[in-house]
Amino acid sequence: SAVISQKPSRDICQRGTSLTIQCQVDSQVTMMFWYRQQPGQSLTLIATANQGSEATYESGFVIDKFPISRPNLTFSTLTVSNMSPEDSSIYLCSAEAQGGEKLFFGSGTQLSVL
Amino acid sequence: QKEVEQDPGPLSVPEGAIVSLNCTYSNSAFQYFMWYRQYSRKGPELLMYTYSSGNKEDGRFTAQVDKSSKYISLFIRDSQPSDSATYLCAMRGSKGNQFYFGTGTSLTVIP
């Protein structure tokens, strides 16, 4: 299995500021993803982090709000920009491993915006 | 209609009980099925993985897939308080396709 380290684990931020979440995988992986998890809802895919090219965003998510970097096959960052209370959520980094059949997750970042 | 439906619970059982968790889905193209366990303030942990139909057993856990009914189940035998968590089902069609998740079922095992 892939071990994914994600930080920070939680943060409380002021409205209008930005937070960058880091994700490190213990092995090279092709596909990395960022999800948002809100209470009572299924995981929502924000974007696919592509190595060496721009991320692919899902409907409702834009690069200006959620810029993503993927400088190599083991690391990615997600920035939540110009935050508002509506951005309060758990953000999860994930990666495909073992031939692309299984999806593994980091420990998550609990974000609260005041 | 949602791609994946999962009863959110909460489900509360006594220690030692057999727990049954279920998901239904609408897309007959789904082939890869997973169950995740998520403890409070942690990320989802892959618990069981099944390709196509059939059963898979791992210790106290058994995953079943019935593609004809578009129904998957996770059974937990001899449930323990440490099994108290939220259980998420997930599935996808082919490799490279998007994963679809249930909303999760909250389970509490009472000592």
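Cut-offs used in this document
Residues numbered from 1 in each chain as written. Chains lettered and ligands numbered in written order. Predicted model: local features only at pLDDT ≥ 70, side-chain atom pairs only at ≥ 80, totals over all residues. Heavy atoms only, no water. 1 Å grid on protein atoms, 1.4 Å probe; cavity = no way out; pocket = protein on both sides within 12 Å on 5 of 7 lines; lining within 4 Å. Points joined across faces, edges and corners; volume = space filled by probe spheres on them. Helix = DSSP H or I, 4+ residues; strand = E, 2+ residues; numbered from the N terminus. Nonpolar A, V, L, I, M, F, W, Y, C, P; charged D, E, K, R; others polar.

## Quick word on empty space enclosed by the protein
Summary: where empty space remains is shown by rolling a probe the size of a single water molecule over the atoms. All names here are of chain B. Enumeration according to the criterion identifies one cavity of 30 Å³ or more in this entry. By volume, the largest cavity amounts to about 30 Å³. Along the walls of the largest cavity sit F33, M34, W35, T50, A63, Q64, V65, I72 and S73, which together make up its complete lining. Counting residues per element, the ones that place at least two in the lining of the largest cavity are β4 (32-38), β7 (61-66) and β8 (71-76). In terms of residue class, the lining of the largest cavity is built from six nonpolar, three polar and no charged.

## Comments concerning unusual backbone geometry
Note the cis peptide between A:K7 and A:P8, where omega equals 5°. Locating A:P8 in the fold gives a position in the loop between β1 (4-7) and β2 (10-13). Cis geometry marks the peptide bond from B:G9 to B:P10, where omega comes out at 5°. Examined against the element boundaries, B:P10 turns out to sit in the loop between β1 (4-6) and β2 (11-14). Backbone geometry at B:R41 places phi at a positive 65°, although glycine is not the residue there.

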